[in-house]
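Coordinates in review
Here is what each chain is made of, one letter per residue.
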Protein chains: 2
Amino acid sequence: MPDQRSTLRAQRRADTQRTIQAQAVRLFSERGYDATTVHHVAEAAGVSPMTVYRHFPTKEDLVLLDERGQLVAERIAAAPAAQPLVRRIGGALIESAATLTGGNHREFLLARLRLMISTPALRAKHLDNQYALQQVIVAAVGDDATDPDTAFRVQAAASACLAALHTAVVRWAEDDGRGELPELIATAFNAAFGDDFGSAHPKAR
Amino acid sequence: MPDQRSTLRAQRRADTQRTIQAQAVRLFSERGYDATTVHHVAEAAGVSPMTVYRHFPTKEDLVLLDERGQLVAERIAAAPAAQPLVRRIGGALIESAATLTGGNHREFLLARLRLMISTPALRAKHLDNQYALQQVIVAAVGDDATDPDTAFRVQAAASACLAALHTAVVRWAEDDGRGELPELIATAFNAAFGDDFGSAHPKAR
DNA sequence: CACCAACCTGGTAGTAACTATCACTGAGGT
DNA sequence: ACCTCAGTGATAGTTACTACCAGGTTGGTG
């Protein structure tokens, strides 16, 4: 009885997946995204091109795939607020950012962000992923989604929040991660929505 | 003496361009984007595949190409406001929307929007175009772009505005253009930024 | 221990979006 | 009436991606 469904298999699978992605990001960063073929990535990772496609449905996903979405949704649902929408969503995003940048993946994360920002194909698909995340957030907010007009307002608020977040993330990456991401996000929210967010370590107001 | 640089040539060129795009949108809508090849589009438009690529650099541009960007930028620059950023940008976006939906392209515009929303590849590239538009807007705002912190705030405000706009446009298209787009945009802005926008026909603040 | 089942992997085409290059035609100006 | 060159077309190539099929490894069962 496998406590974890075939542990060793999943282990090896996760390993090759990580190897492929690491090599992909390295090659893309060194030689450029367009100049690097999937075949090159496969070669560097020591697998066949077929295997790459088994793990990553598209070349873009070699850079973009991760699991941050689930995290954000949970935070949203966990904030059981009566606060205004943008504040509720914004708070959850700031907390999520703190968690993500706290990890030890920083350099890898930054490399991926740099690619995302500078490569049109990656930028486009990433923005579409954010759009999908928006739907997840809207679902997590959950406010009686029956009324289409209410749903529309939630969509508007969520989209604006994610846009501000994106702006902050871009700025953070352009600064090579020197600033504090949660602070930057708070600044972006203040610029967009007015001075309701204080800083990441909230003081007054 | 060409008052207009070789009038007939430009005329024919614009004609074929329009024909190609019209046939493309028609075929994509009828048979699906992925199921329609560029070759099909060329055949329907009575040209060779090469000619299609001459006029539209990518298949996605067959749906996405237009010139609305310039219009918005001009409106922004024309609004010489001391108003807050989001209000200034939002007002320009609402005016632009009124102009665009006032034209006689409505059915064509709606068809293109429906494709954009339902087709992942188009949605992604469209979002990236909006991101490019954001840079245009930021440039048009122009507020002493020297200070990086100020520039960052402008970016945040512009991105949030465009996100709200996008939400409204999606809603409008999903409603088959029955509502009034400027009103929808105003509603989206109110939901995201608070009740500062009144309706589309702004009188009092 | 032998066997089976389910993955994971690899190979071989095949499709379709582009790209580079060359040749042809016809419009615009001299 | 010539010359130039933008617009168009055909050919051949590259690359992302997709079936389809075959072999090998892992994990559990008689």
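A short tour of the structure in this document, coming up. (Residues numbered from 1 in each chain as written. Chains lettered and ligands numbered in written order. Predicted model: local features only at pLDDT ≥ 70, side-chain atom pairs only at ≥ 80, totals over all residues. Heavy atoms only, no water.)

1. So, the overall build of chain A
For clarity, the cut-off: Strands here mean DSSP runs of E at least two residues long; helices mean DSSP runs of H or I at least four residues long; both are numbered from the N terminus. Buried, partly exposed and exposed residues are distinguished by accessible area as a fraction of the type maximum, computed with a 1.4 Å probe on protein chains only: under 20%, between the cut-offs, and over 50%, respectively. Here, two residues are considered to be in contact whenever any of their heavy atoms come within 4.5 Å of each other. Only the protein chains shown count as covering a residue, and every accessible area follows the Shrake-Rupley method with a 1.4 Å probe.
What chain A contains, in helices and strands, is ten helices and zero strands. Along chain A, from the amino end to the carboxyl end, the secondary structure elements read α-α-α-α-α-α-α-α-α-α. Looking at the 205 residues of chain A, the share that counts as buried comes to 44%. Nonlocal contacts in chain A, meaning residues at least 24 apart in sequence, comprise 65% of its contacts between residues at least 6 apart. Of the accessible surface of chain A, which amounts to about 10600 Å², a share of 53% is contributed by carbon and sulfur atoms.

2. Some details on the relation of the copies chain B and chain A
The test is simple: Superposition of the copies was done by least squares, using only C-alpha atoms of residues whose pLDDT is at least 70 in both.
Expressed as a screw transformation, the operator carrying chain B onto chain A has a rotation angle of 180° and an axial translation of 0.0 Å, and the superposed copies differ by an RMSD of 0.1 Å. Within this description, the copies of the chain are treated as partners about a two-fold rotation axis. Residue alanine 160 of chain B, judged by its C-alpha, is the member of chain B lying nearest the rotation axis, at 2.1 Å. The residues that chain B uses at the interface reappear at the interface of chain A in 100% of cases, marking a shared surface.

3. Observations regarding the environment of leucine 64 of chain B
Residues and elements named next belong to chain B. Residue position: leucine 64 is located in helix α4 (residues 61-64). As for leucine 64 and leucine 165, which are separated by 101 residues in sequence, their C-alpha atoms are 17 Å apart. Residues in contact with leucine 64, not counting those within four places in the same chain, are Arg112, Met116, Leu122, Lys125, His126 and Asn129.

4. Concerning helix α2 (residues 38-45) of chain A
All names here are of chain A. As a reminder, the rule being used: This arc corresponds to the set of directions leading from the helix axis out to the C-beta atoms.
Among the residues making up α2, those that are buried are Val38, Val41, Ala42 and Ala45. Down the axis of α2, the sector holding all buried residues measures 100°, keeping them to one side. Those residues of α2 that are buried are in contact with α1 (7-31), α3 (49-55) and α4 (61-64). Directly after α2, the chain includes glycine 46, whose backbone phi takes a positive value near 75°.

5. Remarks on the packing of helix α7 (residues 106-118) of chain A against helix α9 (residues 148-174) of chain A
All names here are of chain A. Counted only if it meets this: Convention adopted: a line fitted to C-alpha atoms gives each axis, helices being fitted over their contacting stretch, and angles between N-to-C directions are expressed from 0 to 180 degrees. Throughout this description, any angle smaller than 35 degrees is read as roughly parallel, any larger than 145 degrees as roughly antiparallel, any in the 65 to 115 degree range as roughly perpendicular, and the remainder as oblique. Left-handed is the label given to a crossing in which the near helix is rotated counterclockwise from the far helix by less than a right angle, and right-handed is the label when the rotation is clockwise. When residues are sorted by character, Ala, Val, Leu, Ile, Met, Phe, Trp, Tyr, Cys and Pro go into the nonpolar class, Asp, Glu, Lys and Arg into the charged class, and all the rest, Gly among them, into the polar class.
Where α7 contacts α9, the two axes come as close as 9 Å, and the packing angle between them is 110°. When the axes of α7 and α9 are compared, the pair comes out roughly perpendicular. For the crossing formed where α7 meets α9, the hand is left-handed. Of the residues in α9, those in contact with Arg106, Leu109, Leu110, Leu113, Arg114 and Ile117 of α7 are Val169, Val170, Trp172 and Ala173. Residues that form the contact of α7 with α9 fall into these classes: eight nonpolar, no polar and two charged.

6. Here we look at the interface of chain B and chain A
Filter applied, for reference: Two parts placed together each lose some accessible area; with a 1.4 Å probe, that loss summed over both constitutes the buried area. Salt bridge, as used here: a side-chain nitrogen of Lys or Arg that lies within 4 Å of a carboxyl oxygen of Asp or Glu. Polar contacts, as used here, are pairs of N or O atoms within 3.5 Å; protein pairs need one atom able to donate a hydrogen and one able to accept it. Residues neighboring in sequence count only if both atoms are side-chain atoms.
The interface is formed by 31 residues belonging to chain B together with 31 residues belonging to chain A. Of the roughly 2400 Å² buried at the junction of chain B and chain A (both faces included), carbon and sulfur atoms supply 68%. At the junction of chain B with chain A, the criterion picks out two salt bridges. Here chain B and chain A share eight residue pairs in polar contact (both at pLDDT 80 or more) between them. Counting residues per element, the ones that place at least two in the side of chain B that touches chain A are α8 (120-141), α9 (148-174) and α10 (181-193) of chain B.

7. Considering the protein's contact with DNA strand D
Selection rule: Nearness is judged by heavy atoms alone; a residue qualifies as near a molecule or strand once a single heavy atom is within 4 Å of it.
Taken together, 21 residues form the shell around DNA strand D, and within it Leu8 and Lys59 of chain A together with Thr51, Arg54 and His55 of chain B come nearest. Expressed as a percentage, the sugar and phosphate content of the atoms of DNA strand D within 4 Å of the protein is 67%. Between a phosphate oxygen of DNA strand D and a main-chain N or O atom of lysine 59 of chain A, the distance comes to 2.6 Å. Broken down by secondary-structure element, the contributors of at least two residues to the surface near DNA strand D are α1 and α3 of chain A together with α1 (7-31) and α3 (49-55) of chain B. Its residues placed into classes, the surface near DNA strand D shows eight nonpolar, seven polar and six charged.

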